[in-house]
Amino acid sequence: MLTSNTRQQIVLVDGSSYLFRAFHSLPALTNSQGEPTGAIYGVLNMLRRLQKDYAPAYIAVVFDAKGKNFRHELYSDYKAHRPPMPTELASQIAPLQEIIRALGMPLIIQSGVEADDVLGTLAKQAEAAGLDVVISTGDKDMAQLVNERVTLINTMTDTRMDSAGVEAKFGVKPTQIIDYLALMGDTSDNIPGVPKVGPKTAAKWLQEYQSLDGVIANVDKISGKVGENLRSVLELLPLSRNLTTIRCDVALDREISSLQLAPPDVNTLREWYKRYEFKSWLAELNSKIEGNEPQNPVKKILQNSIPPAPVNTPVALDIKVEYEIILQQAQLDAWLARLHAADYFAFDTETTSLNYMDAELVGVSFATEVGKAAYIPLAHDYLGAPIQLSRDGVLAALKPLLEKMPARIVGQHIKYDRNVLRHYNIELNAIAHDTMLESYILDSAGSRHDMDTLAKKYLDYDTTTFVDVAGKGAKQITFNQVEIETAAHYAAEDADITLRLHETLWPKLQANPSLQHVYETLERPLIPVLSRMEYYGVKVDAAQLRALSAGFAQRIAEVEAAAHTQAGGPFNLNSPKQIQEILFVQQKIPALRKTPGGVPSTAEDVLEELSEQGHELPRLLLEHRSLSKLKSTYTDKLPEQINARTGRVHTSYHQAIAATGRLSSTDPNLQNIPIRHEAGRLIRQAFIAETGHSLIAADYSQIELRIMAHLSEDPTLCKAFEQGIDVHRATAAEVFDVAVDAVSQDQRRAAKAINFGLIYGMSAFGLAKQLDLGRQEAQHYIDRYFARYPGVKNYMERTRQQARDQGYIETVFGRRLYLPDIKASNAQRRQYAERTAINAPMQGTAADIIKMAMIAVDAWLQESHLDVRMIMQVHDELVLEAPTEKIPIIVDGVRQRMMSAAKLNVALEVDVGTGLNWDAAH
């Protein structure tokens, strides 16, 4: 009997979803008699993996029943256009279900409803019984069930989705998914939606109006063709919502407590496995019956053969890989000779942690040619692990190969390996290529650039994942605990795939000289520069941060007390319901906007507007929210990220994330520390220099506007920069038709909004809102701007046309960004692509220039052997740490190299400041 405090787990499997996905994603597999087996194999393989990964206390596999269900009664055309099920799929359903039953798994098929409704009902019942629920599905409709106890997993893509994951993927919360689906409709199920409304529009409306009812209530505010489409189908939207709603109240004849795995019917399984020629599963079954363990398939691979399996194996079955485990000195000597003779070779490390500062080296792998790789285990220490070669001895033998030129090493995200090897006094200098960066330069936005994604994209290969060998969640082990034979296949495959990727990607780069130039002169040389920055780290004052946290906490308490006074009594400052009651009922403040539920909104922009009107309580609420976020995100968290060994914070800079070429950073994210907020400046004051040292902050001045001047060749804009005139004042003088020295601060502020807004595609509506103007007045300013800067307008029009003709845009230095939506029929997607086409060359060129500057500054520091470190790169700024007595010469050298990093039609300007902390230097 289940009790309410049970924290066990139930796995609910959407059998119908996986049946169709397995059938369509796997090749047309058959046994020797010609019977189709692909769908059966795919679903069973997924179920086996679920058992291994989760070992759930309860499990159920749910399939759709034959015939119509209650949705057909609601809408006779429901699924009317679906083609009949292919015969080769239909013939696999009954055998698959029999095998599932023989495996001992509870199988549920309920007539009158769909599998989704059964899953929804089971999920709610399991929640009520105190179980955590994992729903294994590939169906987006199931996202409406997600909450703090219910998560979705997709074993075909190895992804897991909680509430935050739903919002990140769809742009709406799980509670909004039903309305999201209703707005879009579903052509495969023939569910009517709003014509031409896709995911982005549906998400945008729900973000703005909260629900389908809110969208309907505000239908007159939605303009254009899409608004017309919405108004034309208003009467159908409630039906669409009913059709997309998963029922959670189905009367089932099974109790949750009965959904436990039963002993398998071995004889039945043996007959099915024989019939469908699932040889490896049959051998495993027979071995278990005989009391023997089945042969480890990894051993077979390591013995130069691939085990037969009816699966779409990305490596052709006639290719025999040779993955060797090196446990003897003679093997190592032979491989060292092979590595020395190779023109290039792939290299990879295996470690105990993804955090390069904490990672300990467990082993290394190499590949010298396709299909031939080796793994050297160095620190596997599980009970019964074989004796391994000395780590110090192996690294000493490898050191000349890894450090000295010529560069012959190919890696995947090799900066991580470089940082790990620094723990062992090895400088990985012989880097020839990084496949992650090769892919990124070829198409920055085309996909992710991790090995698994690239292997599938370019080689049609499904790699062995870390989860496959180490488990997941609480049961995951570190790599030193993975059995060597299993670890060896995983590690050797990494090296092998890296080599294959390079031999696929490098010719593509060579075929495009401009892309090859960006890769060879910017991205690849930046690897050691970023590695040095990361490894050295940034010093932060933990005591100061904790003091700030205490100060923030005190101020938060003061604000809370003041808010209680303003409200006339205590209340929860995080409760919208209580805030609504106090502001709009008790204090009778007029509501600016209502939620779809008809109650006054307490959204941040509403509170800001009320605060500007002079209402004190909304101002206090905003201050409370801001300080609480700064405290939890920065002052509380940064001290915990200080490395115990170095006493510094070590971020990770990412080269292959932002499509425009800009760097990003994580753990911590140094790019998002606020600067204009007073509390943010206090946080920056906690970034300090070592005793006897100072920080130098060197920042490009208005670099994107200078790039705009270069690209547009507008004579008036170029002249303003050439004469050293404040460009915002110059723009204000042009737009407002006044002398430069007569420009007011308000006019300069408006001109600055125009200068930067137009770069990012701001409309007259956006400008009007930002400057608190009428829309016609804002449009007038924009028209005057383009009249005075015709070169800018010509650039924008020219760039849009080039993007449409080519399908991509380029930076000044040849970096390319593809724009697949530039010809989209959807106007919103097309317009976004056009805005990207205009601003991406400026963002990308600015990213290129700061990278050039980093490479130049780093080379100077390395050659001069100065005791100076480049420690941060944030937006258009470089931050260095230097001995205080050397500051003048360093400032001059940094400024000179940053200004000369690139040649544009207008000169680059660099603002440099110094101080004992980051805020003082900025």
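Residues numbered from 1 in each chain as written. Predicted model: local features only at pLDDT ≥ 70, side-chain atom pairs only at ≥ 80, totals over all residues. Heavy atoms only, no water.

## With respect to the overall build of the chain
Logical step 1: Per the secondary structure count, the chain includes 37 helices and 20 strands.
Logical step 2: Principal-axis analysis of the C-alpha atoms places the extent of the chain at approximately 95 × 75 × 60 Å.
Logical step 3: Taking all 922 residues of the chain together, 52% fall into the buried category.
Logical step 4: Considering only contacts within the chain whose residues lie at least 6 apart along the sequence, 67% involve residues at least 24 apart.
Logical step 5: When the 96 basic and 114 acidic side-chain charges of the chain are each reduced to a single mean position, those positions are 2 Å apart. (Helix = DSSP H or I, 4+ residues; strand = E, 2+ residues; numbered from the N terminus. Buried < 20%, exposed > 50% of the residue type's maximum accessible area, 1.4 Å probe, protein only. Contact = heavy atoms within 4.5 Å. Lys, Arg positive; Asp, Glu negative; His and termini not counted. Charge placed at Lys NZ, Arg CZ, Asp CG, Glu CD.)

## A closer look at a negative patch on the surface
Logical step 1: On the surface, a cluster of negative charge is made up of E604, E608, E609, E612 and D772.
Logical step 2: Relative to the elements of secondary structure, E608 occurs in helix α25 (residues 604–612).
Logical step 3: You can call E608 partly exposed: its relative accessible area is 36%. (Patch = residues over 30% accessible without salt bridge, like charges linked within 9 Å, V, L, I, M, F, W, Y side chains within 5 Å. Areas by Shrake-Rupley, 256 points an atom, 1.4 Å probe, with all protein chains shown as cover. Salt bridge = Lys/Arg side-chain N within 4 Å of Asp/Glu carboxyl O.)

## Here we look at the nonpolar core
Logical step 1: Of all hydrophobic cores here, the largest spans 152 residues; its most connected members are F687, Y700, M872 and M898.
Logical step 2: Ranked by size, the runner-up nonpolar core spans 51 residues in total, among them I10, I135, A203 and V215. (Core = buried A, V, L, I, M, F, W, Y, C linked by side-chain atoms within 4.5 Å.)

## As for the pattern of salt bridges
Opposite charge on two side chains makes pairing possible when the charged atoms of those side chains draw close.
Logical step 1: Per the stated rule, a full pass over the model turns up 43 salt bridges.
Logical step 2: K851 is the salt-bridge partner of E523, the closest N and O atoms lying 2.6 Å from each other. Here K851 lies in helix α35 (residues 827–864) and E523 lies in helix α22 (residues 513–536), a separation of 328 residues in the sequence. One exposure class covers both E523 and K851, and it is buried.
Logical step 3: Each member of the salt-bridge network shares a partner with another, and the members are R555, E558, E616, R619 and E623.

## Description of the sheet that holds strand β6 (residues 159–161)
Logical step 1: Read across the sheet, six strands follow the order β3-β2-β1-β4-β5-β6 without closing on themselves; strand pairing throughout is mixed. Every interior strand has two partners, whereas the edge strands, β3 (107–112) and β6, have only one. When the angles between neighbouring strand axes are averaged without regard to direction, this sheet yields 25°.
Logical step 2: The sheet contact formed by strand β1 (residues 9–14) and strand β2 (residues 58–69) spans five bridges and is parallel. Residue pairing in the sheet places D14 in a bridge with V62 of β2. (Pairing = 2+ DSSP bridges. Axes fitted to C-alpha atoms, helices over the stretch in contact; angles between N-to-C directions.)

## Points about the sheet that holds strand β8 (residues 345–351)
Logical step 1: Spatially, β7-β10-β9-β8-β11-β12 is the arrangement adopted by the six strands of the open sheet, whose pairing is mixed. Two strands in the sheet have a free side with no partner beyond their single neighbour: β7 (322–325) and β12 (431–434). For this sheet, the mean inter-axis angle between neighbouring strands, taken without regard to orientation, is 25°.
Logical step 2: Judged from the four bridges that link them, β7 and strand β10 (residues 372–377) form a sheet pairing that is parallel. Its bridge partner being in β10, Y323 is matched across the sheet by A373.
Logical step 3: Here helix α21 (residues 484–510) sits on the sheet in contact with β7, β8, β9 (361–369), β10, β11 (409–411) and β12, set at roughly 45° to β9.

## Focus: helix α26 (residues 616–635)
Logical step 1: Over its 20 residues, α26 extends 27 Å from the first C-alpha to the last, a length consistent with the 28 Å expected when each residue adds 1.5 Å.
Logical step 2: Three or more residues of α26 are buried, namely L617, P618, L620, L621, L622, E623, H624, L627, L630, Y634 and T635.
Logical step 3: Residues of α26 that are buried sit in contact with α23 (542–567), α24 (576–586), α25 and α27 (678–684). (Expected span 1.5 Å × (residues − 1).)

## Some details on the packing of α35 against helix α36 (residues 887–899)
Logical step 1: The geometry of α35 relative to α36 is characterised by a closest axis approach of 9 Å and an angle of 140° between their N-to-C directions. Relative to α36, the element α35 is oriented oblique. Where α35 crosses over α36, the handedness of that crossing is right-handed. Only I889, I890, G893, V894, R897 and M898 of α36 make contact with α35, whose side of the interface consists of I850, A853, A856, V857 and W860.
Logical step 2: In terms of residue class, the contact of α35 with α36 is made up of nine nonpolar, one polar and one charged. (Parallel < 35°, antiparallel > 145°, perpendicular 65-115°, else oblique. Left-handed = near helix turned anticlockwise from the far one by under 90°. Nonpolar A, V, L, I, M, F, W, Y, C, P; charged D, E, K, R; others polar.)

## Regarding helix α18 (residues 435–442)
Because the α-helix completes a turn every 3.6 residues, residues three or four places apart line up on one side.
Logical step 1: Burial analysis of α18 places eight of its eight residues in the buried class, the great majority of the element.
Logical step 2: Here α18 has its buried residues at T435, M436, L437, E438, S439, Y440, I441 and L442.
Logical step 3: The backbone nitrogen of M436 lies 2.9 Å from a side-chain oxygen of the residue at the head of α18, namely D434. (Polar contact = N/O pair within 3.5 Å; in protein donor to acceptor, adjacent residues only side chain to side chain.)

## Quick word on the environment of R648
Logical step 1: Tracing the backbone through its elements, the reader meets R648 in the loop between α26 and β13 (652–654).
Logical step 2: For the pair R648 and G130, spaced 518 residues apart in sequence, the C-alpha separation works out to 43 Å.
Logical step 3: Once you skip the residues sitting within four places of it in the chain, R648 turns out to touch Y536, G537, V538, K539, Q641, I642, N643, E690, I871 and E881.
Logical step 4: In terms of polar contacts, R648 uses its side chain to reach the side chain of E881, at 2.6 Å.

## Considerations on the side chain of S694
Logical step 1: The residue S694 is located in strand β15 (residues 693–700) in this model.
Logical step 2: The class for S694 is buried, based on a relative accessible area of 6%.
Logical step 3: What S694 contacts, discounting residues up to four positions off in sequence, is A689, L880, E881, A882, T884, I887, G915 and L916.

## Digging into the confidence of the model for the chain
Logical step 1: Summary statistics for the chain give a mean pLDDT of 88 and a share of 95% for residues scoring 70 or more.
Logical step 2: Ignoring residues within four places in sequence, the model shows residues 1–6, a span with pLDDT below 50, making 13 contacts including any to other chains. (pLDDT = per-residue confidence, 0-100.)

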